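Reading the structure
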Amino acid sequence: MNDVFGMPPSMLHMSWSADWPTDVVPLSLGRDHRPVEPDRLAQPAGSRAHFFFVAPETSAIHPDAVALARPFMAERPDVGIFYADDAVVAPDGTVESVHCKTSFNPALLLADDYMAFPLLIRADILQKVELTFDGDMGEAGWYRFCLDALMAGVVIDRVPHTLLASPAPRPKAPRRARAAAAARWLAQAGQPFRLGEGRFGDTSRLQRAFADYPPVTLVIPTRQSAPIDDVGRAGRPFIANFLDSLKRSTYPLDRVTVLIGDDREDDTIYRGRDDPFAVKRIVTKLAPGEKFNYAVKMNRLWRLAETDSMVLMNDDISVGTPDWIESLLTFSMDPDVGGVGARLLFPDGRIQHAGMFGGIFGVCAHPWYMKRAEEPSYDGWAETHRDCSAVTGAVFATRRGPMDAVNGFDEGFSLDFNDVDLCFRMRMLGYRIVYTPFAEMTHHEKASRRSEVAPGSQVARYMRKWVDVLTDDPMFSPQLLDDTDEVAPRSSASEWVRASRDLFPVTRP
């Protein structure tokens, strides 16, 4: 092997010695991810270099990496930093994991160094944004660089191909250094946040520091439905159980109003309550022969809310994590965010909702549906806050501005798809949709209305309206399987890694 960079052959993977096009400069990284040859970052007069390909020197590069990335580089001249999917190879030579990445994901980036390597960076960006490995952020130099690039207005996006393979463990910035870099970045941006430990691995949790708790309205439609036991006996109405569970919340309850739209005139279940929050009840009784339309009812209710912040909810919810409101408002108060969804579990502890992906089964489905909450999820996504294309409307934190901007729910979707449609329309206007696992609730899904499968006419309308998003969801990955709710890479995502049996020396026991 040619030792083209003056490094010992045992350190520099042989793939780095391949011929590189003149407009792409390979930038190999050594210990602590510092450039092995920092002089390569200097651009001499007349240089034709347009991009730097940045990755650890011990990693293997796809033999056609530049050719696979070039269409994205050409089609997106607005993007200053690209990242690509990567694989990790175990000591026995098998593929340990493949990390198929979403399009740029701000919430996930603050939780985890999901981009990691490789990075393809336009040369002029490295001239404008400082790259430093000093202090307690030293090991997160490239993570810090990407955050600073964002602050400078640089656009970041993905190349959905596996361009890198690394020996285990996966090279990425550790949480301690990453959290220090993110905290510095947030402080410079004047954002009232702090970072704590996440629920998964070395991830972080973003938490809003409330100088003053804003008033919040919980908007809940009900018809006083109740759970039915095995012998057909009705239990206590869901709405009453929710009001009881709300008292477990840590949010100042004198700042909370529960706005209930009740299809029944009988108010017996509300009498004699002594709640620390305000309850406003509106009778929404259906006219004879009138069919229930969730979208119509919710549009009426949220417009009656007297606060900017609101959480639209089903009545068959009970509070799980006490700081669920704080967790939702951490993101929903952001002017860039349209709505925030919670992590919902069935009463037996299985997952009902942890964000949604377009394209699974050709529609928009819940990944990890009915899986045990303690089971690991792909890259920890069920346990990490992240941007999504859609979240369920069963618990949906939002503000008046985004709701007004899309004119609320599309009333053509009477029962199903109205929440996904709402999220998609918000994203079309540039609003982000975020999922947070730190607002964890129990949901008796559909128990309150006992609906059947969505009518074919509504399915067809939904499919026609959103075929483009369902075909290519930017918050999913074309390298992930779309015929199962078990989020996992396609075999093709690591085909070149598996085909290269001598990619890394195998460690024998």
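Quick notes on the rules
- Residues numbered from 1 in each chain as written.
- Predicted model: local features only at pLDDT ≥ 70, side-chain atom pairs only at ≥ 80, totals over all residues.
- Heavy atoms only, no water.
- Helix = DSSP H or I, 4+ residues; strand = E, 2+ residues; numbered from the N terminus.
- Rg over C-alpha atoms; globule rule 2.2 N^0.38 Å.
- Contact = heavy atoms within 4.5 Å.
- Areas by Shrake-Rupley, 256 points an atom, 1.4 Å probe, with all protein chains shown as cover.
- Salt bridge = Lys/Arg side-chain N within 4 Å of Asp/Glu carboxyl O.
- Buried < 20%, exposed > 50% of the residue type's maximum accessible area, 1.4 Å probe, protein only.
- Core = buried A, V, L, I, M, F, W, Y, C linked by side-chain atoms within 4.5 Å.
- Pairing = 2+ DSSP bridges.
- Polar contact = N/O pair within 3.5 Å; in protein donor to acceptor, adjacent residues only side chain to side chain.
- Phe/Tyr/Trp six-rings, centres within 6.5 Å; stacked < 30°, edge-to-face > 60°.
- pLDDT = per-residue confidence, 0-100.
- Expected span 1.5 Å × (residues − 1).
- Disulfide = S-S within 2.5 Å.

A tally of regular secondary structure across the chain gives 13 helices and 21 strands. Whereas a compact globule of 509 residues would reach a radius of gyration of roughly 23 Å, the chain reaches 25 Å, a difference of no more than 12%. Counting only C-alpha atoms and orienting by the principal axes, one finds that the chain spans roughly 85 × 45 × 45 Å. Expressed as a percentage of contacts within the chain between residues at least 6 apart in sequence, the contacts between residues at least 24 apart total 74%. Counting every atom, the chain has about 21500 Å² of accessible surface; 52% of that belongs to carbon and sulfur.

Proximity of charged atoms lets side chains of opposite charge pair with each other. Counted according to the given criterion, the structure contains 34 salt bridges. Via salt bridges that share partners, Arg236, Asp244, Lys247, Arg273 and Asp275 belong to a single interconnected network.

Our next topic: the environment of Tyr270. For Tyr270, the location among the structural elements is in the loop between strand S11 (256-262) and strand S12 (278-283). Judged by its relative accessible area of 13%, Tyr270 falls in the buried class. For the pair Tyr270 and Trp381, spaced 111 residues apart in sequence, the C-alpha separation works out to 39 Å.

Quick look at the nonpolar core now. Formed by 153 residues in total, the largest nonpolar core has its most connected members in Trp142, Leu218, Met313 and Trp324. Ranked by residue count, the leading element in this core is strand S4 (residues 79-89), at 7 residues. In contact with Trp142, not counting residues within four places along its chain, are Leu27, Leu29, His33, Pro35, Val54, Phe117, Leu119, Ile121, Leu126, Leu131 and Phe133.

A few words now on the side chain of His33. The topology assignment puts His33 in the loop between strand S1 (24-29) and strand S2 (51-56). With residues up to four places along the chain from it excluded, the contact list for His33 reads Phe117, Phe133, Glu139, Trp142, Pro171 and Lys172.

Our next topic: the pairing of strand S21 (residues 432-443). Summarising burial for S21: 11 of the 12 residues are buried, a large majority. Across 3 bridges, strand S14 (residues 317-319) lies against S21 in antiparallel orientation. Paired with Ile317 across the strands is His443, a residue of S21. Relative to S21, strand S15 (residues 337-345) runs parallel, the two sharing 8 bridges. Residue pairing across strands places Val337 opposite Arg432, the latter belonging to S21.

Further remarks concern the pairing of strand S20 (residues 395-399). The element S20 is extensively covered by neighbouring structure, given that 5 of its 5 residues are classed as buried. Burial of S20 is two-sided: the residues Val395, Ala397 and Arg399 facing one way and the residues Phe396 and Thr398 facing the other way are all buried. In the sheet, strand S13 (residues 309-313) pairs with S20 via 5 bridges, with the strands oriented antiparallel. Counterpart to Met310 in the pairing with S20 is Thr398.

With respect to the helices and strands, Thr162 occurs in strand S7 (residues 155-167). Within the structure, Thr162 has its side chain in polar contact with the side chain of Gln479 (distance 3.0 Å). Residues in contact with Thr162, not counting those within four places in the same chain, are His62, Asp85, Asp86, Ala87, Val98, Gln479, Ala493 and Trp496.

The next subject is the packing of aromatic side chains. Two aromatic rings are characterised by how far apart their centres lie and by the angle between their planes. On inspection of all chains with the given rule, the structure shows 19 aromatic pairs. On the basis of an interplanar angle of 70 degrees and a centroid distance of 6.3 Å, the ring pair of Phe133 and Trp142 is categorised as edge-to-face. Seen from their ring centres, Tyr294 and Phe409 are 6.0 Å apart, and the 75 degrees between their planes marks the pair as edge-to-face. Placement of the pair is Tyr294 in helix H7 (residues 294-302) and Phe409 in the loop between helix H9 (400-405) and helix H10 (418-428), with a sequence separation of 115 residues.

Relative to the helices and strands, Ser457 is located in helix H11 (residues 456-465). What makes Ser457 exposed here is its relative accessible area of 55%. Sequence separation of Ser457 and Val406 is 51 residues, and the distance between their C-alpha atoms is 23 Å.

For the rest of this paragraph, the subject is the confidence of the model for the chain. When pLDDT is averaged along the chain, the result is 92; 94% of the residues meet or exceed 70. Contacts for the low-pLDDT stretch residues 1-7, under 50 throughout, to residues beyond four places or in other chains number 20 contacts. In this model residues 447-451 is a low-confidence stretch, pLDDT under 50, and it forms 14 contacts with partners more than four residues away in sequence or in other chains.

Our focus in this paragraph is helix H5 (residues 175-188). Counted at 1.5 Å a residue, the expected span for H5 with its 14 residues is 20 Å, and the 20 Å between its end C-alpha atoms agrees. All buried positions along H5 are accounted for by Ala177, Arg178, Ala179, Ala181, Ala182, Trp185 and Leu186. Looking at the buried side of H5, the elements it contacts are helix H2 (106-111), helix H4 (141-151), strand S8 (193-197) and strand S9 (204-208).

The next point concerns the state of the cysteines. According to the stated counting rule, one finds 0 disulfides in the structure shown. Sulfur of Cys146: no disulfide; nearest cysteine sulfur belongs to Cys100 and is 19 Å away. By relative accessible area, which is 3% here, Cys146 ends up buried. Free cysteine: Cys364, not disulfide-bonded; nearest cysteine sulfur from Cys423 at 8.3 Å.

Let us now look at H7. In terms of burial, H7 is largely enclosed, as 7 of its 9 residues are buried. For H7, every residue scored as buried is listed here: Tyr294, Ala295, Lys297, Met298, Asn299, Leu301 and Trp302. Looking at the buried positions of H7, the neighbouring elements they touch are strand S10 (216-222), S11, S12, S13, H9 and H10. Between the side-chain oxygen of the N-cap and the backbone nitrogen of Ala295 there are 3.0 Å, and the N-cap of H7 in question is Asn293.

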